[in-house]
Amino acid sequence: MTFEYAPAPESRASVSIKPKYGHYIGGKFVAGEKHFPTINPATEEVLSSVALGGKKDVDAAVKSAKKALDVHWSKLSGRERGKYLFRIARILQERAREFAVLESLDNGKPIRESRDVDVPLAAAHFFYHAGWADKLEFAGVGTKAKPHGVVGQIIPWNFPLLMLAWKVAPALATGNTVVLKPAETTPLTALLFAEVCEQAGLPAGVVNIVTGDGSTGALIVNHPGINKIAFTGSTEVGKIIAESVASTSKSVTLELGGKAANLVFEDAAIDESVEGIVNGIFFNQGHVCCAGSRLIIQESISDEFIKKLQKRMEKIRVGDPLDKNTDLGAINSRAQLEKIKELSLAGDSEGAERWSPQCSLPDKGFWFAPTIFTGVTQSHRIAREEIFGPVLSVLTFRTPQEGIDKANNTPFGLSAGVWSEKGSKTLWASQKLKAGVIWTNTFNKFDPTSPFGGYKESGWGREGGRHGLTAYLKGVTHE
Amino acid sequence: MSKRIDVKKTYKLFIGGAFPRTESGRTYEVKNSRGVFIANPCLASRKDLKDAVVAARAAHSGWAHATAYNRGQILYRIAEMLEGRRDQFVAEISELTGVTPKKAQDEVEASIDLLVWYAGWTDKISALDGATNPVAGPYFNFTIPESLGVVGFIAPKKSALLGFVAGIAPIITSGNTVIALASESAPLPAMSLAEVIATSDVPAGVVNILTGKSAELAPWFASHMDIDGLDISGLEAKLVAEIKKAGAQNLKRIHSFKEISSPGRILAFMESKTVWHPIGV
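Rules used in this analysis
Residues numbered from 1 in each chain as written. Chains lettered and ligands numbered in written order. Predicted model: local features only at pLDDT ≥ 70, side-chain atom pairs only at ≥ 80, totals over all residues. Helix = DSSP H or I, 4+ residues; strand = E, 2+ residues; numbered from the N terminus. Rg over C-alpha atoms; globule rule 2.2 N^0.38 Å. Buried ≥ 20, exposed ≤ 12 C-beta atoms within 10 Å, placed from the backbone. Contact = placed C-beta atoms within 7 Å. Nonpolar A, V, L, I, M, F, W, Y, C, P; charged D, E, K, R; others polar. Pairing = 2+ DSSP bridges. Axes fitted to C-alpha atoms, helices over the stretch in contact; angles between N-to-C directions. Core = buried A, V, L, I, M, F, W, Y, C linked by C-beta atoms within 7 Å. Domains from an automatic or database assignment. Parallel < 35°, antiparallel > 145°, perpendicular 65-115°, else oblique. pLDDT = per-residue confidence, 0-100. Expected span 1.5 Å × (residues − 1). Right-handed = clockwise from strand over helix to strand, strands pointing away.

## Notes on the overall build of chain B
Across its full length, chain B carries 10 helices and 10 strands. Its C-alpha radius of gyration of 20 Å places chain B within 12% of the 19 Å reference for a compact globule of 281 residues. Oriented by its inertia axes, the alpha-carbon framework of chain B measures out at about 90 × 40 × 30 Å. Among the 281 residues that make up chain B, the fraction classed as buried is 49%. Across chain B, every contact between residues at least 6 apart in sequence was considered, and the portion connecting residues at least 24 apart equals 74%.

The following block contains the structure:
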């Protein structure tokens, strides 16, 4: 006998979406010229129409940020600056349900995740950085450390509000003002954040939000009035940004792609590891730069492990992001779905074996069933390229050193997972793995106190903790 | 009685612990400050650089995972060896650059002392930059700085010994391996330093030294996909943008420095690694 889950949808009543949005510049919404629709990827319903930022808008936003910096923000004490951040943290907590529902609508992620991960962590990031604002002289940055000035921030669509918080909170805590561009497909929570700034009484122009696409991002990166760039997104775009600022004095931090290894040793706790692998690749539909997209498993336990993993995958509930029982929501956009399909087909044609559980996908919207490929070799595209979807590539190893070598055989180096019940082995593996974040017997954990960022082509710099803070200051002693 | 004829030194490259000639067969003439010929050092090629990268990469894991105490003693050993050959370096520097022996002596002594200073950093930099992070959950979470990997160094034209030591010492302190391009106009002290390094228990491949033209070689340093970082303190200003652009291909960490003694020079070529470990019974 099987039990079916009754639908348990979260109400949309907490959210009110305007039919059209402009840019948030100088403390007010200003009309844009051209607009483009933002849709719910689970239904393809048009949610609103947002402005496509052009040169005039970016100029106005940079000017407004510079004015706010000179006239107001740079004259405030750290203590007073911090109070604004504390207020923002509190308002985000107060309006948490509204943000969670809006995020799931615009992004397609399950409400369980937006409610329990994205929004609480966003509030936590503001609360954490609020406390730094009046303690910068103790942050190990020396007494000469100063804000960069106007910071241009470009964020991705996978964690729209959370990435906003990762960027805006440290920038404001250190005394910078901000021009932020949310991702093309997920602008709505950033625009709602403008209301939070209003409610917090944040001085006009300290945070400016310009919506748009890659062309808007390029205008921000290349604007002479921008002193620092913070970007989260693909390695491809990260390299373009690094090239574009080569002849300038702009400071840059980049948080880019990954192809994380989840390394499972034969002495791992099997059931826990299966849970960890599922969380590692299917959390947020696999739209995670640090997703554990390569399972690298010791050959002796491989067959048993894959069986258990498949059994567990049969229980993953795919569907309505607003349903509280949903595990796997919608793929964020048609373009992303096409990319996932294309790479999965490459997996088939290069000889890996595809498996997905039986699951019915909704007719409308963008969906991809949870998928694993076994028999993957290191040269396969699905072992080398970031798929950014719910697709796991399985490779095997015999000796621990071979496992490490396979894990490190990638130009990326953002994160890695290690599964073993032997403490000395997990620490040994942590030492050998070339990645900025190592999760041992856990995966996809985030915290504002914990620095996050990558080795090699996964980026420049860290976000979170004292290390992340220093990226928003110049003249840091140890620089 | 006839006058004794000097036995002059052939200046070669230093790659993987050996002293090969450049594969290109090219040399260039170095004269002293009075315009008198001194030596024909190698004009290193892109192939020599590639060979050096292979040697540096092979040496990285062993050097990075040597204990900090061990690395510290080896850096100190370089200082000991240099102290023992102080007079040779004083003579070479004053002959090559025309500075007074007193000034040359100051530079050699400062170089020795700088090596001692960095030797003391190997087992302290983690305490300076590492952290335990109080995450909101049952996890032990810590951040430690780790060496970056293979780092290139374009040495400054002037300050042929001190400027050179100020580049390589902080790079290797943390466990990186280095490929250094010596000052084009005054490369000889750097090549003599290779003899010091070769007798200091520095594992082969940890320090590799090339001589040649920075305008020719710097772009190859920048575009090499197996070089992780680049210290361009000695690079001509007009080349900086081009080098940074080429380095973007693999997101090389590219820095230049003004100070010779700074923990920032060590940390610039390190990466922070954060490890999460569950707490529970």
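## Brief notes about the overall build of chain A
Counting secondary structure elements, chain A contains 15 helices and 20 strands. Taking 23 Å as the expected radius of gyration for a compact globule of 479 residues, we find that chain A reaches 22 Å, a close match to that expectation. Across the 479 residues that make up chain A, the buried fraction comes to 58%. At a minimum sequence separation of 6, the contacts of chain A that also span at least 24 residues come to 72%.

## Notes on the interface of chain A and chain B
By a widely used convention, the size of an interface equals the accessible area lost when the partners come together. Taken together, the 30 residues of chain A in the interface contact 27 residues of chain B. In terms of residue class, the side of chain A that touches chain B is made up of 10 nonpolar, 12 polar and eight charged. Strand direction decides the pairing type here: strand E18 (residues 437–440) of chain A and strand E10 (residues 270–278) of chain B, joined by three bridges, are parallel. Looking at E10(B), one finds that A:Trp439 is bridged to B:Trp276.

## Brief notes about the sheet that holds strand E16 (residues 391–397) of chain A
Across a sheet, strands are paired by hydrogen bonds formed along the backbone, either parallel or antiparallel in direction. The 10 strands lie next to each other as E14(A)-E15(A)-E16(A)-E13(A)-E12(A)-E17(A)-E18(A)-E10(B)-E4(B)-E3(B), forming an open sheet whose pairing is mixed. Where the open sheet ends on each side, the last strands, each with one partner, are strand E14 (353–355) of chain A together with strand E3 (131–132) of chain B. Those strands touched by helix H11 (residues 334–349) of chain A are E14, strand E15 (371–374) and E16 of chain A, and its axis lies near 130 degrees from that of E14(A).

## Looking at the sheet that holds strand E8 (residues 229–231) of chain B
Residues and elements named next belong to chain B. What the five strands build is an open sheet, ordered E7-E6-E5-E8-E9; its pairing is parallel. Unpaired on one side and paired on the other, strand E7 (207–210) and strand E9 (253–255) mark the two borders of the sheet. For this sheet, the mean angle separating the axes of adjacent strands, direction not counted, is 15 degrees. As defined by bridge partners, E8 adjoins E9 across three bridges and the pair is classed as parallel. Pairing of leucine 230 across the sheet is with isoleucine 254, part of E9. Contacting strand E5 (150–154), strand E6 (177–181), E7 and E8, helix H8 (residues 214–223) runs over the sheet at an angle of about 160 degrees to E5.

## Quick word on the nonpolar core
Membership of the largest hydrophobic core comes to 157 residues, with the highest contact counts inside it found for A:Leu85, A:Leu92, A:Val178, A:Val179 and A:Leu263. The leading source of residues in this core is helix H5 (residues 160–173) of chain A, at 11 residues. Residue-level mapping places this core at the junction of two domains, with at least three residues from each of domain 1 (20–256 + 456–474) and domain 2 (261–440) of chain A. In this structure A:Val178 touches A:Ala65, A:Val151, A:Gln153, A:Val168, A:Ala171, A:Leu172, A:Val206, A:Val207 and A:Asn208, once residues within four positions along its chain are discounted. With 82 residues, the next largest nonpolar core counts B:Ala166, B:Val202, B:Leu210 and B:Phe269 among its residues.

## Examining the environment of A:Lys339
Tracing the sequence through the fold places A:Lys339 in helix H11. Separated by 130 residues in sequence, A:Lys339 and A:Leu469 place their C-alpha atoms 34 Å apart.

## Structural notes on unusual backbone geometry
Residues and elements named next belong to chain A. At asparagine 444, a position not held by glycine, the phi torsion is positive, near 55 degrees. Following the sequence through the fold, asparagine 444 ends up in the loop between E18 and strand E19 (459–460). One non-glycine residue, lysine 456, lies in the positive phi region at around 45 degrees. Here lysine 456 shows up in the loop between E18 and E19. Residue lysine 456 is classed as buried on the basis of its 24 C-beta neighbours within 10 Å.

## What about the packing of helix H4 (residues 101–119) of chain B against helix H6 (residues 162–173) of chain B?
All names here are of chain B. Between H4 and H6, the least distance of the axes is 9 Å, while the angle of their chain directions is 10 degrees. Here H4 is positioned roughly parallel relative to H6, judged by the angle of their axes. Contacts between H4 and H6 involve Glu107, Ala110, Ser111, Leu114, Leu115 and Tyr118 on the former and, on the latter, Leu162, Val165, Ala166, Ala169, Pro170 and Thr173. Considered class by class, the residues forming the contact of H4 with H6 number nine nonpolar, two polar and one charged.

## Notes on the domain arrangement of chain A
All names here are of chain A. The domain boundaries assigned to chain A delineate domain 1 (20–256 + 456–474) and domain 2 (261–440). Contacts between domain 1 and domain 2 engage 21 residues on the former and 25 residues on the latter. If you list the elements that add at least two residues to the side of domain 1 that touches domain 2, you get helix H3 (96–107) and helix H4 (111–132). Across the side of domain 1 that touches domain 2, the residue classes break down as seven nonpolar, seven polar and seven charged.

## Some details on the pairing of strand E5 (residues 45–52) of chain A
Residue and element names in this part refer to chain A. When strand E1 (residues 20–21) meets E5, the two strands line up parallel, connected through two bridges. The residue bridging tyrosine 21 from the neighbouring strand is valine 50, located in E5. In the sheet, strand E4 (residues 34–40) pairs with E5 via seven bridges, with the strands oriented antiparallel. Residue pairing across strands places isoleucine 39 opposite valine 46, the latter belonging to E5. Counted between consecutive antiparallel strands, the loop separating E4 from E5 contains four residues, among which glutamate 44 sits at a positive phi close to 65 degrees.

## Considering the confidence of the model for chain B
Overall, the prediction assigns chain B a mean pLDDT of 97, with 100% of residues at 70 or greater. Confidence metrics for the complex model read pTM 0.96 and ipTM 0.96.

## Some details on H6(B)
All names here are of chain B. A rise of 1.5 Å per residue sets the reference length of H6, with its 12 residues, at 16 Å; its end C-alpha atoms lie 16 Å apart and thus fit the reference within 8%. Counting buried positions along H6 gives 12 out of 12 residues, so the element sits mostly inside the fold. For H6, every residue scored as buried is listed here: Leu162, Gly163, Phe164, Val165, Ala166, Gly167, Ile168, Ala169, Pro170, Ile171, Ile172 and Thr173.

## Let's talk about the environment of A:Val58
Assignment of secondary structure puts A:Val58 in helix H1 (residues 55–71). On the neighbour-count criterion, A:Val58 (28 C-beta atoms within 10 Å) is buried.

## Looking at H5(A)
Residue and element names in this part refer to chain A. Across its 14 residues, H5 extends 20 Å between first and last C-alpha, which sits within 8% of the 20 Å expected from 1.5 Å per residue. Across the 14 residues of H5, 14 count as buried, placing the element largely inside the fold. Where H5 ends, the next residue or the one after it, glycine 175, has phi of about 95 degrees, a positive value.

## Observations concerning the pairing of strand E12 (residues 261–264) of chain A
All names here are of chain A. Of the two faces of E12, the one lined by Ala261 and Leu263 and the one lined by Asn262 and Val264 are each fully buried. Where E12 meets strand E13 (residues 294–298), four bridges bridge the pair, whose relative direction is parallel. Each bridged residue has a counterpart across the sheet, and for asparagine 262 the counterpart in E13 is leucine 295. Once the chain exits E12 it traverses helix H9 (residues 270–282) before rejoining the sheet at E13, and the crossover so formed is right-handed. Sheet analysis places E12 next to strand E17 (residues 415–419), joined by four bridges and oriented parallel. Residue pairing in the sheet places leucine 263 in a bridge with valine 418 of E17.

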